[in-house]
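The primary structure of each chain is shown beneath.
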Amino acid sequence: MSTRYLQTLRHPVTVEGRGLHSNLPCRVTLRPVEQATGLQFLHTPTGTLIPAKAELVSDLSLATTLSRDGVKLSTVEHLLSALAGLEIEHAIIEVDGAELPILDGSAAPWVQALTEAGTRIIPGPRRVIRILRPVEVRQGGKWMKVSPYPGLRLRYTIDFDHPAIGRQTRELTLTPEKFRRELGSARTFCMDRDIEFMRSKGLALGGSLDNAVVFSAEGPLNESLRFEDEAVRHKMLDLVGDLATLGAPLMGLVEAHAAGHAMHIALVKAILADPTAWTWADVEEKAPAHRGFHHPVPAAHPLPA
Ligand SMILES: [Zn+2]
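In this report, we go over the structure that sits alongside the text. Just so we're clear, the structure is a prediction, and the values are computed from it rather than from any experiment. (Residues numbered from 1 in each chain as written. Predicted model: local features only at pLDDT ≥ 70, side-chain atom pairs only at ≥ 80, totals over all residues.)

## Some thoughts on the sheet that holds strand β8 (residues 71-73)
Note: strands within a sheet are paired through backbone hydrogen bonds, in either parallel or antiparallel orientation.
Then, number 1: The antiparallel open sheet is built from three strands, whose spatial order is β6-β7-β8. The two strands at the open ends of the sheet, each matched to only one other strand, are β6 (57-59) and β8. Between one strand axis and the next, the sheet turns through 40 degrees on average, direction left out of account.
Then, number 2: Bridge analysis of strand β7 (residues 65-68) against β8 gives three bridges, and the strand direction is antiparallel. Bridge pairing in β8 links leucine 66 to leucine 73. (Pairing = 2+ DSSP bridges. Helix = DSSP H or I, 4+ residues; strand = E, 2+ residues; numbered from the N terminus. Axes fitted to C-alpha atoms, helices over the stretch in contact; angles between N-to-C directions.)

Structure follows, in structure tokens:
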């Protein structure tokens, strides 16, 4: 938790590209809002407004899809991750296609677009969902758990039966700076052995080494990785995006073991379904970490790590 203010964009910004699965072109224009609206997609061909809420998530096989009134928007998670990671939680997202652009497979191009657009504060307090007691979801050896923590801390483990990926664990307390530095540029990934199967189902038609890391048994087919553990970092990026479907920022420790979109959303729904497990809370400014409007801190003041 960094800001206690509600943030929207300062200026509109447009991004265009093709969908990973459909390979169809899509134009996305993010627009500022005047009041607290949350994040809402507007499918411009039909005029359908689709809030980024877990109750509207319909398909989770390889990406996160939102649906309303027969309109589907897929692969929304990387943009939602960039918005949530930068704590821009109120905006209209105009989309003219059915699948958001994959761009380079990470959230970095979205982060860049949002940075160009800038941020602006809108009236009202920023309220978060503060976890009071643990909530868990399990499916075989896969599980997720959220427990009380004074911030948003993520601990993610993946354990692939694949020599080039294997077991990776990473943990961090999320801030916009850490999102930019440690998660935002981690690319989506797959295994070469899965590509034929995905293509046979009409998926990953827009996939290439320009927008995904492809692992063979010997290692990545791409020239290089952006991080040694890029795979687990991307899963954390996906998690940040899926958590945005709570409709409010989360204050808690989220642990994930061998999870994916379906389990991320299952946890979100389990949290929302149990109002005794959480409470609304205001974000308390962690003086002296930030220079707030009312309590300016001298620039020379030491910042905690
Ligand atoms: Zn992803």
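## A closer look at helix α6 (residues 261-273)
Then, number 1: If you check α6, its first and last C-alpha atoms are 18 Å apart, about what 13 residues at 1.5 Å a residue would give, namely 18 Å.
Then, number 2: All of the buried residues in α6 are His261, Met263, His264, Leu267, Val268 and Ile271.
Then, number 3: In this structure, the buried residues of α6 make contact with α1 (77-85), β11 (127-131), β12 (135-139), β13 (142-147), α5 (230-243) and β20 (278-282). (Expected span 1.5 Å × (residues − 1). Buried ≥ 20, exposed ≤ 12 C-beta atoms within 10 Å, placed from the backbone. Contact = placed C-beta atoms within 7 Å.)

## What to know about helix α4 (residues 192-200)
Then, number 1: Judged by how many residues are buried, α4 sits mostly at the surface: zero of nine residues are covered.
Then, number 2: Residue glycine 202 follows α4 closely and has a positive phi angle near 75 degrees.

## Topic: the nonpolar core
Then, number 1: The biggest cluster of nonpolar side chains holds 71 residues, and the ones touching the most others in it are Leu83 and Val240.
Then, number 2: In terms of residues, this core owes the most to one element, α5, which gives seven residues.
Then, number 3: Split by domain, the residues of this core number at least three in each of domain 1 (5-127) and domain 2 (128-282).
Then, number 4: Excluding anything up to four places from it in sequence, valine 240 contacts Ser81, Ala84, Gly85, Leu174, Phe179 and Leu183. (Core = buried A, V, L, I, M, F, W, Y, C linked by C-beta atoms within 7 Å. Domains from an automatic or database assignment.)

## Observations concerning the pairing of β12
Then, number 1: Across five bridges, β12 lies against β13 in antiparallel orientation. Bridged to glutamine 139 within β13 is lysine 142.
Then, number 2: Linkage of β12 to β13, two consecutive antiparallel strands, is achieved through a turn of two residues, within which glycine 140 is found at a positive phi near 60 degrees.

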